[in-house]
Amino acid sequence: MAQAERTSPEPTPGEGGRNYSPIRERYLTETAGSGTLHERAKQLLPGGTSRQAGFWMPYPLTYERAEGPFLYDVDGRQYFDLIYNYTAMVHGHGYPPIVEAAQRQAGIGTGWAGGNRLQLDLAEQMVDRIASVEQVRFTNSGTEANALAFTIARKVTGRSKLLMARFGYHGSLMEFECGSFGHEGPITRLAAYNDLADFERVLAEDDDIAMVILEPVLGSGGVVAADAAFLKGVGAAARKAGALFVIDEVMTLRFDYHGAQGALDITTDLTTFGKLIGGGFPVGAVGGQRDMLKIFDPDDLKLFHTGTFNANPVTMAAGGVSLAELTSERIDDMARRAEDLKTGLRAAAATAGLPLAINHHASLLNLYFSDTPPESSVVREDAELIGRFHLAAMNHGLFVAPRGLIAMSTVLTDAHIGEISERAAAAMADVAAETG
Ligand code: PMP
């Protein structure tokens, strides 16, 4: 068996093999404009990028525009977007009601240090949907929301550490990202996902844990679902140990009208949000009970928290529409189409003679070119095959995440799913041809 290879949680795959690769050659030829721009980017940006999750070998595509389910690169090639900015663009690109709301707001004011009505509309929707959320504090990213949750937890408990799942993802703050790669840090403790006893063990041996934070489904870690008993058990153990129980819904809010926690009937001390609640603009938020969040109350301020762009009106306008338009019916439709795509991908792999395991939860899939899925997409044996498929898929006009994540959006139709399955079959045939 091949040695398991470490990849990043929002990763960089291999170059698709060191030897001659027709897949790679085709990519270099057909995306030459992106190649040239990457040379310039390398001079101006470290590594040629502002974002590791937007980078892959030999160079990332530079996109110029996007519409509905499609992205267009600087060479004028069209791709089905199957990542949607890592799930944030749940209604696809340029969704007319969101564009209209953002444009209207951009014309009458994009920011001021004072109140705005639009944040009330978005917060009200979040409070209505999420049972454990009575109030909301907005930030500018999911990372920032989780950092704020940790700050609140430290303030409330007087303790200093966090406990998260090994290969969980809560953002690229040092305290979180070490856990995403499977390492503990000075204030970061880890336990195995879906292993209640392991969480109880850490809570029993360490009395300095301020918060236990979990994704209801590991997103970055490879679409690994938790069962309700595990989440409830960790919640109970955290509270018993005097730590706050925080659920990160940055990615999983798309799974259920009431959030993943609602579907599983989980109650939380704090919930963090991001991605789709910004309608495509930068956003994050922490939600919780009034009692907990009173530390921000200016009458009796315990925690000073501010931010130039917090709840900026354009994000709030776009996010309000994005959330309102994410109905239960659309959530169900996305899950059904993910199921259909899974069937199509399985058939394609069987025809190509490639092993394929698929983790699937609602509107998200994660592909592994192996017989069984690994514990996490971060440590996997199929790094070379997934790297080749990633490039081959782009050659056939499909943009999947380098680590194999595929997200549905509300603008994908049944006809699109059929076409995506055909393109994926062509990409898998290319992979089989150069590895077989
Ligand atoms: N939490 C989860 C579960 C995420 O998936 C992400 C982003 N992939 C984050 C937090 C961080 O959000 P942001 O990229 O907006 O900082």
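Everything below is about the structure shown above.
First, a word on what this report is: a plain description of the structure on this page.

**A closer look at the overall build of the protein**
Right, so step 1: Looking only at helices and strands, the protein has 15 helices and 18 strands in total.
Right, so step 2: Taken against the 2.2 N^0.38 rule, which gives 22 Å for 436 residues, the C-alpha radius of gyration of the protein at 22 Å falls within 12% of a compact globule.
Right, so step 3: With the principal axes as the frame, the protein shows a C-alpha extent of 65 × 55 × 45 Å.
Right, so step 4: For the protein, buried positions account for 56% of its 436 residues.
Right, so step 5: Contacts in the protein between residues at least 24 apart in sequence constitute 71% of all its contacts with a sequence separation of at least 6.
Right, so step 6: A total accessible area of about 17,800 Å² is found for the protein, and carbon and sulfur atoms account for 52% of it.
Right, so step 7: Side chains of the protein give 37 positive and 54 negative charges; the mean places of these two sets differ by 3 Å.

**A look at the environment of Ala-352**
Right, so step 1: As for its placement among the helices and strands, Ala-352 is situated in helix H13 (residues 328–352).
Right, so step 2: C-alpha of Ala-352 to C-alpha of Val-74: the two residues are 278 residues apart in sequence and 31 Å apart in space.
Right, so step 3: Apart from the residues lying within four places of it in its own chain, the contact partners of Ala-352 are Met-428, Ala-429 and Ala-432.

**Topic: the nonpolar core**
Right, so step 1: Counting 76 residues, the largest nonpolar core has Met-126, Phe-138, Ile-277, Leu-345, Phe-389, Ile-406 and Met-428 as its most contacted members.
Right, so step 2: In this view, Met-428 contacts Leu-345, Ala-348, Ala-349, Ala-352, Leu-354, Leu-356, Phe-369 and Phe-389; residues no more than four positions away in its chain are not counted.

**Notes on the sheet that holds strand S14 (residues 357–361)**
Right, so step 1: On the basis of which strands lie adjacent, the open sheet formed by 3 strands has the order S14-S15-S18 and antiparallel pairing. With partners counted over all chains shown, the strands left at the sheet margins are S14 and strand S18 (405–407), one partner each. Strand-to-strand, the axes of this sheet are offset by a mean angle of 20°, without reference to chain direction.
Right, so step 2: Of the pairings in the sheet, the one linking S14 to strand S15 (residues 364–368) comprises 5 bridges and is antiparallel in character. Each residue of the ladder has a partner; that of Ala-357, found in S15, is Tyr-368.
Right, so step 3: H13 contacts S14, S15 and S18 of the sheet and is inclined by roughly 175° relative to S14.

**Some remarks on the sheet that holds strand S7 (residues 188–191)**
Right, so step 1: The strand order S5-S13-S12-S11-S8-S6-S7 describes an open sheet built from 7 strands, whose pairing is mixed. The open sheet has two free edges, formed respectively by strand S5 (135–139) and S7, since each of these has just one partner strand. When strand polarity is set aside, the average angle formed by the axes of neighbouring strands in this sheet is 25°.
Right, so step 2: Against the sheet, helix H6 (residues 142–157) makes contact with S5, strand S6 (161–165), strand S8 (209–214), strand S11 (244–248), strand S12 (270–274) and strand S13 (284–288), and its axis sits at roughly 145° relative to S8, the strand it touches most.

**Notes on the packing of helix H14 (residues 383–395) against helix H15 (residues 414–435)**
Right, so step 1: Packing of H14 against H15 brings their axes to within 9 Å, and their N-to-C directions diverge by 130°. Accordingly, the angle class assigned to the pair H14 and H15 is oblique. For H14 against H15, the interelement crossing comes out right-handed. Between H14 and H15, the residues in contact are Leu-385, Arg-388, Phe-389, Ala-392 and Ala-393 and Ala-424, Ala-427, Met-428, Asp-430, Val-431, Glu-434 and Thr-435, respectively.
Right, so step 2: For the contact of H14 with H15, the class distribution of residues is 8 nonpolar, 1 polar and 3 charged.

**What about the environment of Glu-30?**
Right, so step 1: Residue placement: Glu-30 occurs in helix H1 (residues 22–30).
Right, so step 2: The exposure class of Glu-30 is partly exposed, given its relative accessible area of 28%.
Right, so step 3: When sequence neighbours within four positions are dropped, the list of residues in contact with Glu-30 reads Asp-75, Arg-77 and Asn-395.

**Observations regarding the pattern of salt bridges**
Right, so step 1: A full pass over the atoms with the stated rule returns 25 salt bridges.
Right, so step 2: A salt bridge links Glu-134 to Arg-290, with the nearest nitrogen and oxygen atoms 3.7 Å apart. Of this pair, Glu-134 sits in the loop between helix H5 (117–129) and S5 while Arg-290 sits in helix H11 (residues 290–293); the two residues are 156 residues apart in sequence, bridging distant segments of the chain.
Right, so step 3: Ionic pairing is found between Asp-414 and Arg-336, a salt bridge with its closest N-O pair at 3.5 Å. Of the two residues, Asp-414 sits in helix H15 while Arg-336 sits in helix H13, which places them 78 residues apart along the sequence.
Right, so step 4: Residues participating in the shared-partner salt-bridge network are Lys-161, Glu-184, Arg-189, Asp-198, Arg-201, Glu-205 and Asp-206.

**Here we look at the side chain of Lys-161**
Right, so step 1: Structurally, Lys-161 can be placed in strand S6.
Right, so step 2: Residue classification places Lys-161 among the buried residues on the basis of a relative accessible area of 19%.
Right, so step 3: A polar contact is formed between the side chain of Lys-161 and the side chain of Asp-206, at a distance of 2.9 Å.
Right, so step 4: Sequence-distant contacts of Lys-161, defined by excluding residues within four places in its chain, comprise Phe-150, Pro-186, Ile-187, Arg-189, Asp-206, Asp-208, Ile-209, Ala-210 and Met-211.

Conventions used here
Residues numbered from 1 in each chain as written. Predicted model: local features only at pLDDT ≥ 70, side-chain atom pairs only at ≥ 80, totals over all residues. Heavy atoms only, no water. Helix = DSSP H or I, 4+ residues; strand = E, 2+ residues; numbered from the N terminus. Rg over C-alpha atoms; globule rule 2.2 N^0.38 Å. Buried < 20%, exposed > 50% of the residue type's maximum accessible area, 1.4 Å probe, protein only. Contact = heavy atoms within 4.5 Å. Areas by Shrake-Rupley, 256 points an atom, 1.4 Å probe, with all protein chains shown as cover. Lys, Arg positive; Asp, Glu negative; His and termini not counted. Charge placed at Lys NZ, Arg CZ, Asp CG, Glu CD. Core = buried A, V, L, I, M, F, W, Y, C linked by side-chain atoms within 4.5 Å. Pairing = 2+ DSSP bridges. Axes fitted to C-alpha atoms, helices over the stretch in contact; angles between N-to-C directions. Parallel < 35°, antiparallel > 145°, perpendicular 65-115°, else oblique. Left-handed = near helix turned anticlockwise from the far one by under 90°. Nonpolar A, V, L, I, M, F, W, Y, C, P; charged D, E, K, R; others polar. Salt bridge = Lys/Arg side-chain N within 4 Å of Asp/Glu carboxyl O. Polar contact = N/O pair within 3.5 Å; in protein donor to acceptor, adjacent residues only side chain to side chain.

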